[in-house]
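Examining the three-dimensional arrangement
Chain residues, written in single-letter form:
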Amino acid sequence: MRTVAVAMALPCSLNRYLLLMAQEHLEFRLPEIKSLLSLFGGQFTNNQETYGKALEFLPFEGRVNLKEPQHVFSLLEDYGLDPNCIPENPHNIYFGRWIADGQRELIESYSVKKRHFIGNTSMDAGLSFIMANHGKVKENDIVFDPFVGTGGLLVASAHFGAYVYGTDIDYNTLHGLGKASRKNQKWRGPDENIRANLRQYGLEKHYLDVLVSDASKPAWRKGTHFDAIITDPPYGIRESTRRTGSQKEIPKGIEKCPESHVPVSLSYHLSDMFLDLLNFAAETLILGGRLVYWLPVYTPEYTEELVPWHPCLRLISNCEQKLSSHTARRLITMEKVKTFENRDQYSHLLSDQSLPYQGHNSFREKYFSGITKRIAKEEKSSQE
């Protein structure tokens, strides 16, 4: 069988090039590599000759095959990120074997701008796929979103072959009722719903259902149900944080309401929301299952101790996305490492780490106080 070597030059203005060498059994002969390099520009640069000699130590032998490569190698020069300040020599040089192409085309094909059903807080397609990757979503998984909204995270999970389910407290959103979020559309159409979104991408077979439900009072029987829980809880900015309840104290022992009773909505503090979310994940995820969610933070006060914890969940990653000069949100990924026990739901009462959670409750006020200060500063500057 034959071997392959391919060379390709990047734009000369950046003085970068990519050397691809594909070989059967990872073998090639250096003279043939040089002959291929010469196809690009007719002659070698000093760097190309240097790299050619540097690669002589590799035990690659065999003939070049340009049509059916079995292995692809890359030699990359890193000149930094500033195209206006390119150093004479590269910062780093990387050599390795090509494994697979990325899937950045999904960002465009699943763009929210082209989606049938959207809302004020529909998750960006790129971030949705990142969250699905953090959750290790794979074929035949069951993925749940307790704050499903318009279902953007369900779409990304279904793309990877998972069966998806969600709940939300907002009846109108789940049923596609009320005012539309699009600029030139007043009311939502009759077929604007989460199921229609999955149908748009040929993923309807992965749709299990969505349910109007309160995340603070999960309606699930005891046990493990989900391979991943991926969600974006409301922060009180564009969507309010709500739960069902009563303004009056309910006597103990009374859990059921009349069938005609519609409970009122109460404020749902972020600290309570994240505590409920972690307890729910610890109880319903399979061992090794992952919880992926966004945590809003006020940047000047942020410390790692502010990240909620649970004895059944291990922190895997904590990534920041800037929202403004003073606020951000952090993508938290946790993995279930311990079987849930009833006492685990009260573990926060025995830990000092539960105290800082209260700081999340004022995130909305801090977010808008920063905007107010900025507007006042801009107005003052314009008057001077």
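Here we summarise the structure given alongside this text. If you're wondering where the values come from, they're calculated on a predicted model, not measured in any experiment.

1. Remarks on the side chain of D170
Inspection of the secondary structure assignment puts D170 in the loop between β6 (163-168) and α6 (171-174). D170 gets classed as buried once you look at its relative accessible area, which sits at 19%. Of note is the side chain of D170, whose polar atom sits 3.0 Å from the backbone nitrogen of N172.

2. Concerning the packing of helix α4 (residues 125-134) against helix α5 (residues 152-159)
At a closest axis distance of 9 Å, the pairing of α4 and α5 adopts a crossing angle of 60°. As summarised for this structure, α4 and α5 are arranged oblique, according to the angle between their axes. Note on packing geometry: the crossing formed by α4 with α5 is right-handed. Along the contact surface, α4 presents S128, F129, M131 and A132, while α5 presents G152, L153, A156, S157 and H159. Along the lines of polarity and charge, the residues of the contact of α4 with α5 split into five nonpolar, four polar and no charged.

3. Quick look at α5
Buried residues dominate α5, accounting for seven of its eight residues. For α5, the set of buried residues is G152, L153, L154, V155, A156, S157 and A158. Elements that come into contact with the buried residues of α5 comprise α4, β5 (142-145), β6, α7 (194-200), β7 (207-212) and β8 (226-231). In the stretch just after α5, G161 is the one whose phi turns positive, near 95°.

4. Concerning the sheet that holds β8
Here we have seven strands laid out as an open sheet, ordered β7-β6-β5-β8-β11-β13-β12, and mixed in their pairing. The open sheet has two free edges, formed respectively by β7 and β12 (313-322), since each of these has just one partner strand. Averaged over neighbouring strand pairs, the angle between their axes works out to 15° when direction is ignored. Its contacts with the sheet put α4 on β8, β11 (285-298), β12 and β13 (327-336), and the angle it makes with β11 is roughly 140°. The sheet strands contacting α5 are β5, β6, β7 and β8, and the helix crosses β6 at an angle near 170°.

5. Things to note about the packing of aromatic side chains
One pass over the full model with this rule turns up 11 aromatic pairs. Aromatic side chains F226 and F280 sit 6.2 Å apart centroid to centroid with 40° between the ring planes, which places their arrangement in the tilted category. Of the two residues, F226 sits in strand β8 while F280 sits in helix α8 (residues 270-284), which places them 54 residues apart along the sequence. For the pair F226 and F280, a shared accessibility class is recorded, and that class is buried. Arranged with centres 5.7 Å apart and planes meeting at 35°, the rings of F274 and Y293 form a pair that is tilted.

How each quantity is defined
Residues numbered from 1 in each chain as written. Predicted model: local features only at pLDDT ≥ 70, side-chain atom pairs only at ≥ 80, totals over all residues. Heavy atoms only, no water. Helix = DSSP H or I, 4+ residues; strand = E, 2+ residues; numbered from the N terminus. Buried < 20%, exposed > 50% of the residue type's maximum accessible area, 1.4 Å probe, protein only. Polar contact = N/O pair within 3.5 Å; in protein donor to acceptor, adjacent residues only side chain to side chain. Axes fitted to C-alpha atoms, helices over the stretch in contact; angles between N-to-C directions. Parallel < 35°, antiparallel > 145°, perpendicular 65-115°, else oblique. Left-handed = near helix turned anticlockwise from the far one by under 90°. Contact = heavy atoms within 4.5 Å. Nonpolar A, V, L, I, M, F, W, Y, C, P; charged D, E, K, R; others polar. Pairing = 2+ DSSP bridges. Phe/Tyr/Trp six-rings, centres within 6.5 Å; stacked < 30°, edge-to-face > 60°.

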